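Okay, here's what each chain looks like letter by letter:
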Amino acid sequence: MTAERVRKCPECGRTYPIKVLYCRTDGCQLGDPGEELASAVKPTPGRDQLLGRTVARRFVLTEYIGSGATGLVYRAVHKALDREMAVKLLKRELLWDERSLLRFFREAKTCSAVDHPNIVYLYDFGHDDTTGLPYLVMEFVSGQTLHQAIHGSPTGNLPVERALAILLQVCHAIEHAHNRGVIHRDIKPESVYPAPPVAARPRPSPKGGRREEDRGWIARAATPPENQRVWITCVV
C-alpha cells in the first residue's frame, strides 16, 4: 500500500494533506516528508506561492494587487459565478499577533455594517482551510486610484469639476460610515478609486433588486462630463 503524501510542520510536527501550505497551529510554512516531494513543497524563488490557489473553495487568486499593514490583496475569480472579486488575506507572519488578528476581524465586522454605493462592498469573511489564513472577499474595483490619476495627469492635478465630484462622493461615504459609528482611519488618495460610469457596474442588493437610493445618489453625485462613481476602501 502506498503511504499517503503529507506535509509536516517544522515547528510543532503536525502533519497535513499535501495541498495545505501553512500550519493551522503556528502559521509556519510546511515542509516536505521526503525528497520526492521537494519540488512540490519548497517555494520557487521569485514566484508568489499563493497565486493560483483557491480560497474557501470558491475564489481563485489570479493576480497580486498590493499589501497593507496586515494583509495581502489579490484579484480573484469566483469559480461558480466567473465574477471578479478582491480577496484580502492576513499576512502569514501575523497569524499569532493578537493585535493584527483583532484588527483584521474588526475590519470585517465594521465593513459589513456599512452599505453605501461609494464604499467597497464586503461579500464574505472567514478562515481558509487550505492556506490557514483568515480572509475577506470584497468588491473588485478596476482602474486607477485617485493618487495615480493625479500624478498621471499632464498638469499634476485634476479639473475643478472632477475634483469636486470626487470630493462630494467621498464626503457622503464618510458621513454614512460615521452615522453607523465607523471611523475611516486611512483616508488618502491611494484609498479612493474614481471608477468607470456606474451604469457599467451594477451593485448587489441585499434583497436581490436594484436599490432606489442608488439611483438617487448617482443622480446627485455624478457631475458631467466624467459621470463617474467613486469608491473608498473600508479601513477602520
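Undergrad: So what exactly am I meant to see when it comes to the confidence of the model for the protein chain here?
TA: A low pLDDT means the predicted coordinates there should not be read in detail. Across the protein chain, the average pLDDT comes to 76, with 70% of residues at 70 or higher. Taking the mean pLDDT of every element in the protein chain, the minimum, 31, falls on helix α1 (residues 38-41) and the maximum, 95, on strand β6 (residues 84-90). Note that residues 34-45 has pLDDT below 50 and, in this model, 16 contacts with residues that lie over four places away or in other chains. In the predicted structure, residues 206-226 sits below a pLDDT of 50 and forms 26 contacts with residues beyond four places in sequence or in another chain.

Undergrad: What should I look at first to understand the pairing of β6 in this one?
TA: The side chains of a regular strand alternate, first on one face of the sheet and then on the other. β6 sits mainly inside the fold: 6 of its 7 residues count as buried. Two strands pair when backbone bridges link them, and strand β5 (residues 71-78) and β6 are joined in this way by 7 bridges, in the antiparallel orientation. The residue bridging V77 from the neighbouring strand is E84, located in β6. The hairpin turn running from β5 into β6, its antiparallel successor, is 5 residues long, and D82 in that turn takes a positive phi close to 55°. With 5 bridges joining them, β6 and strand β8 (residues 134-139) adopt antiparallel strand pairing. Across the sheet, the residue bridging to M85 is E139, located in β8.

Undergrad: What is the right way to look at the sheet that holds β6 in this model?
TA: Strands in a sheet are paired, the pairing made by backbone hydrogen bonds, and the direction either parallel or antiparallel. Across the sheet, which stays open at both edges, the 6 strands sit in the order β3-β4-β5-β6-β8-β7 with antiparallel pairing between neighbours. Only two strands of the sheet have a single neighbouring strand rather than two, namely β3 (54-55) and β7 (122-127). Sheet topology note: the strand β4 (residues 59-67)/β5 ladder contains 7 bridges and is antiparallel. Opposite S67, over in β5, you have L72 as the bridge partner. Strand contacts of helix α2 (residues 98-113): β6, β7 and β8, with the helix running at about 30° to β8, the strand carrying the most contacts.

Undergrad: Got a minute to help me understand the packing of aromatic side chains in this structure?
TA: Aromatic ring pairs are reported here in terms of the distance separating the ring centres and the angle at which the planes meet. Throughout the structure, instances matching the rule amount to 4 aromatic pairs. An angle of 80° between the planes, with centres 5.7 Å apart, marks the rings of F105 and F125 as edge-to-face. Within this pair, whereas F105 is found in helix α2, its partner F125 is found in strand β7, the two being separated by 20 residues in sequence. Exposure remark for F125: the relative accessible area of 34% places this residue in the partly exposed category. For the pair Y121 and Y123, a centre-to-centre distance of 5.0 Å together with 65° between the ring planes defines the contact as edge-to-face. Three or more aromatic residues joined by ring pairs make a cluster, and in this case those are F104, F105 and F125.

Rules and cut-offs
Residues numbered from 1 in each chain as written. Predicted model: local features only at pLDDT ≥ 70, side-chain atom pairs only at ≥ 80, totals over all residues. Heavy atoms only, no water. pLDDT = per-residue confidence, 0-100. Helix = DSSP H or I, 4+ residues; strand = E, 2+ residues; numbered from the N terminus. Contact = heavy atoms within 4.5 Å. Buried < 20%, exposed > 50% of the residue type's maximum accessible area, 1.4 Å probe, protein only. Pairing = 2+ DSSP bridges. Axes fitted to C-alpha atoms, helices over the stretch in contact; angles between N-to-C directions. Phe/Tyr/Trp six-rings, centres within 6.5 Å; stacked < 30°, edge-to-face > 60°.

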